[in-house]
There are 2 protein chains.
Amino acid sequence: MVLDPFSSEKPTLIVRKLQPDNRETPLHFIKTDIIHHEFFYRRNHFSYPYLPTSNYWLPVNGVVVHPRLFSLEEIFHMPSKTVKVLLECAGNKRRFFKPKVFGEQWGKGAMSQGYWKGVTLRHLLELTGLKHGAKEVLIEGYDFGKTPSIEKPVSFARSLPIEKALHPDTLIAYQFNDQPISFKHGYPLRLIVPQWYAMASVKWIRQITVLDDVFKGPFQSFDYVYYPDKKTDAGAFPVTVVNVNSSIQKPLNREILNQGRQLIRGIAWTGTGQITKVEISTDNGSSWSQAKLAAQNESTSYAWRTWSYEWTPHEKGEYTILVKASDSFHRIQPKIPFWNRKGYGFNAYDQVTVKIE
Amino acid sequence: MVLDPFSSEKPTLIVRKLQPDNRETPLHFIKTDIIHHEFFYRRNHFSYPYLPTSNYWLPVNGVVVHPRLFSLEEIFHMPSKTVKVLLECAGNKRRFFKPKVFGEQWGKGAMSQGYWKGVTLRHLLELTGLKHGAKEVLIEGYDFGKTPSIEKPVSFARSLPIEKALHPDTLIAYQFNDQPISFKHGYPLRLIVPQWYAMASVKWIRQITVLDDVFKGPFQSFDYVYYPDKKTDAGAFPVTVVNVNSSIQKPLNREILNQGRQLIRGIAWTGTGQITKVEISTDNGSSWSQAKLAAQNESTSYAWRTWSYEWTPHEKGEYTILVKASDSFHRIQPKIPFWNRKGYGFNAYDQVTVKIE
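Counting of residues starts from 1 at the beginning of each chain's written sequence and follows it residue by residue. Labels follow written order: the first chain is A, the first ligand is 1, and so on. Per-residue local features are limited, in this predicted model, to residues with pLDDT of at least 70; the limit for side-chain atom pairs, both in listing and counting, is 80 or more; totals at the level of whole chains, interfaces and linings are taken over all residues.

**Re the overall build of chain A**
(1) Moving on: Going along the chain from the N terminus, every DSSP run of H or I of four or more residues is numbered as a helix, and every run of E of two or more is numbered as a strand. If you tally the helices and strands in chain A, you get four helices and 23 strands.
(2) Moving on: Its C-alpha atoms give chain A a radius of gyration of 21 Å, near enough to 21 Å, the size a compact globule of 357 residues would have.
(3) Moving on: Looking at chain A as a whole, 44% of its 357 residues qualify as buried.
(4) Moving on: Pairs at least 24 apart in sequence give 68% of the contacts found in chain A among residues at least 6 apart. Only C-alpha atoms enter the radius of gyration; for comparison, a globular chain is expected to reach 2.2 Å times N to the power 0.38, where N is the number of residues. Every C-beta atom is placed from the backbone, and the number of other C-beta atoms within 10 Å of a residue's own sets its class: buried at 20 or more, exposed at 12 or fewer, partly exposed in between. Two residues qualify as being in contact provided that their C-beta atoms, derived from the backbone, are within 7 Å of each other.

Here is the structure:
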């Protein structure tokens, strides 16, 4: 008999779509701060690309003084930086919007994190130099295909304003958790843009172009735009910085619990500064208590912070548990999410309802 | 470079809970009628059991004429029967109840099917004989543990009324899809009860006992009972036969589709008789059309029937697609589900809402 009763304890990614491959991290079952690449969420607009099988070069051109092709070897020998960065899909938690919106119905797991190692984009741009008038840096991936908004196939490509491109922690990464970045997550080179939603962190970089104008590609002028109005484009503005946010990992929503002491635990994160406070309500918002925040190891954090709260319900019944986080820029999660037509940036209080039996 | 762009097309089970192991079939991404055991949903009340590593015997005792121990060898050499049977968790679709209920929040995938081969329970009971007064047959599994309703650990055990135990297609199965049943799905012997919700199909059979009384175990007097009332047990009755039901597999809920011809496809099933009709509405119930049913190969079917419907939406916008199935006993899916406190037997119209862009 082949018995392997414990292999069952391993979770898997949750498939939202197979073509293109879109899966979320089983965040409720993750107990670590560093996500193995197998459990890293996948968000693709297109099929996985065919990469050049040899002679990979990274072109950096446009309004630069010295257009250059960098080999991987060259890049690996440049001064490197390793940063713990959370990547969160702008559509994370989309399924919780009311009224409901269209698109991949992400739950709470369209986010993952780990250690990214690479060279700073700033360093490459120092090597090429910037011409007067450099305004944006366009990063194009090898992935391409059809998108509803445009007739011809397009590459996945996004621009960064020059200040963000030159930020000392914006990386051209080649390692994730001490290994080459896995194919599905951007091998051999992936842009890592801390503090922005992850559509900015372009995978499988094909080329980098410095622009003296504003790029208007579909992934920043059609998708990844907040449209507050259901019908018109009035008030639209681009998706950039990650909102202050938190999620309950345990207990599960609609879980039946025994009486006695319960550990409520989860994570909190923000794109501006640091998480400074996480508050819990076990009575659907009537009263709030502070959760215990895990120690912050790094001086600058682009990662989530775990928190926990001990709770001893004294009576049987139903309880709605809420959580809200605050950051060092005095941002606080709202009770009501900012509804927008494409469903980006959901960050209302997280909540689960449990029953004590 | 290791490129395996196509491995991404394989779905995985969707974890609902890790301890005990509860995962659902990614039904939306399944295109076959026969589910590989890797994609078979898992519903456990307890940890996986430790089985006897040798000398497996199946005791059949109680109010029988000749109590017996059957070896696996003996069972394998008895006349066998192979039946295509759908197993559906009684809590399948629980997450769609409104008001929401507690327990595992199953979507549409707590169901799977394939070919089960075994000896009929009837045959074993013919070999032992039944004493006068035999009323129920109790089947006990090797899995056990604590359950909220009872102080001491209990085995997973369920009884069948004698008529259902003697039904010619109630099997003591040892193969699934031409292979020994996999450990996680009941190796070496699993009871298969066609047409009943799958709590009846006890895994890892430890023993069979014929009773002259009514069994009152927690998995049939506490769980797997319909409680129509939110607070009291008034009107409670046991969960048995599978309701007539259907699910849309394609398109996905909240999917954004291009204009042009769409194939809507899915499955329909029932615990009584055969599926005779599947109706589709693409205008949220104002008008209905008949879907095309796949040919029925077997004369008796305990499996789902696939259906499809070609639809050409002529205008952009949002569409709510509904489906309802009817069976040969004139059962038809209701518009409003039968709400019950523990959330069993959901079978209201299935629905998805899509946007044509």
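**Overview of the relation of the copies chain B and chain A**
(1) Moving on: The superposition of copies rests on a least-squares fit of C-alpha positions from residues with pLDDT of 70 or more in both. Laying chain B over chain A is done by rotating through 180° and shifting 0.0 Å along the axis; what remains is an RMSD of 0.0 Å. Taken together, the rotation and translation relating the two chain copies correspond to the operation of a two-fold axis. Measuring from the rotation axis to each C-alpha of chain B, the shortest distance belongs to Ile14 of chain B, at 2.8 Å.
(2) Moving on: Of the interface residues in chain B, 100% have counterparts in chain A that sit at the interface too, so the contact is made through matching surfaces.

**Details of the sheet that holds strand E7 (residues 136-147) of chain B**
All names here are of chain B.
(1) Moving on: Strand order in the open sheet made by the five strands is E4-E3-E12-E7-E8, with mixed pairing throughout. Where the open sheet ends on each side, the last strands, each with one partner, are strand E4 (68-71) and strand E8 (150-161). Put simply, the sheet's adjacent strands are angled 25° from each other on average, direction ignored.
(2) Moving on: Strand pairing follows a simple DSSP-based rule, namely that at least 2 bridges must link the two strands. Across eight bridges, E7 lies against E8 in antiparallel orientation. Looking at the pairing, Gly145 lines up with Val154 of E8.
(3) Moving on: Docked against the sheet, helix H2 (residues 121-128) engages strand E3 (57-62), E4 and E7, running at close to 135° with respect to E4. Axes, fitted as lines to C-alpha atoms, cover a helix only where it is in contact. Angles between the N-to-C directions of the axes lie from 0 to 180 degrees.

**Some remarks on the domain arrangement of chain A**
Residue and element names in this part refer to chain A.
(1) Moving on: By domain assignment, chain A separates into domain 1 (14-238) and domain 2 (245-356).
(2) Moving on: Between domain 1 and domain 2, the contact holds 28 residues from the first and 20 residues from the second.
(3) Moving on: For this scheme, ten residues count as nonpolar: Ala, Val, Leu, Ile, Met, Phe, Trp, Tyr, Cys and Pro. Four count as charged, namely Asp, Glu, Lys and Arg, and the remainder, Gly too, count as polar. Looking at the side of domain 1 that touches domain 2, its residues break down into 14 nonpolar, six polar and eight charged. Bear in mind that the domain bounds are from an automatic or database domain assignment.

**Regarding the sheet that holds strand E3 (residues 57-62) of chain A**
Residue and element names in this part refer to chain A.
(1) Moving on: Taking strand neighbours across the sheet as the criterion, the five strands line up as E4-E3-E12-E7-E8 in an open arrangement whose pairing is mixed. The open sheet has two free edges, formed respectively by strand E4 (68-71) and strand E8 (150-161), since each of these has just one partner strand. Neighbour-to-neighbour, the strand axes of the sheet open up by a mean angle of 25°, direction not taken into account.
(2) Moving on: One ladder, built from four bridges, connects E3 with E4; its direction is antiparallel. Each bridged residue has a counterpart across the sheet, and for Trp57 the counterpart in E4 is Ser71.
(3) Moving on: Sheet strands in contact with helix H2 (residues 121-128) are E3, E4 and strand E7 (136-147), and its direction is about 135° off that of E4.

**Here's the deal with the interface of chain B and chain A**
(1) Moving on: Residue-level contacts link 33 residues of chain B with 33 residues of chain A.
(2) Moving on: Within the side of chain B that touches chain A, the residues separate by chemical class into 17 nonpolar, nine polar and seven charged.

**Points about the environment of Ser247 of chain A**
Residues and elements named next belong to chain A.
(1) Moving on: When you line up the elements, Ser247 lands in strand E15 (residues 245-250).
(2) Moving on: Given 21 C-beta atoms within 10 Å, Ser247 falls into the buried group.
(3) Moving on: As a C-alpha pair, Ser247 and Ile267 span 20 residues in sequence and 5.5 Å in three-dimensional space.
(4) Moving on: If sequence neighbours within four positions are ignored, Ser247 has contacts with Leu27, Lys108, Gly266, Ile267 and Asp350.

**Things to note about the confidence of the model for chain A**
(1) Moving on: What pLDDT conveys is the predictor's confidence in a given residue, as a value from 0 to 100. In the predicted model, chain A carries a mean pLDDT of 94, and the fraction of residues at 70 or more is 97%.
(2) Moving on: Scoring the predicted complex yields pTM 0.91 and, for the interface, ipTM 0.87.

**Examining the pairing of strand E17 (residues 262-269) of chain A**
All names here are of chain A.
(1) Moving on: Most of E17 sits inside the fold, with six of its eight residues counted as buried.
(2) Moving on: Of the strand pairs in this sheet, E17 and strand E21 (residues 305-311) are connected by seven bridges, and their pairing is antiparallel. Following the sheet pairing, Ala268 is matched in E21 by Arg305.

**Brief notes about unusual backbone geometry**
(1) Moving on: Here the residue pair Lys98 of chain A and Pro99 of chain A is connected by a cis peptide bond, since its omega of 0° sits within 30 degrees of zero.
(2) Moving on: Secondary-structure assignment places Pro99 of chain A in the loop between strand E5 (81-88) and strand E6 (111-120).
(3) Moving on: Across the junction of Lys250 of chain A and Pro251 of chain A, the peptide omega takes the value 5°, indicating a cis bond.
(4) Moving on: Tracing the backbone through its elements, the reader meets Pro251 of chain A in the loop between E15 and strand E16 (256-257).
(5) Moving on: Positive phi values are uncommon outside glycine, yet Asn284 of chain A reaches one of about 60°.
(6) Moving on: Following the sequence through the fold, Asn284 of chain A ends up in the loop between strand E18 (275-281) and strand E19 (289-290).
(7) Moving on: Accessibility expressed as a C-beta count within 10 Å gives 13 for Asn284 of chain A, which makes it partly exposed.
(8) Moving on: A positive phi angle, near 70°, is found at Lys93 of chain B, a position not held by glycine.
(9) Moving on: Tracing the backbone shows Lys93 of chain B in the loop between strand E5 (81-88) and strand E6 (111-120).

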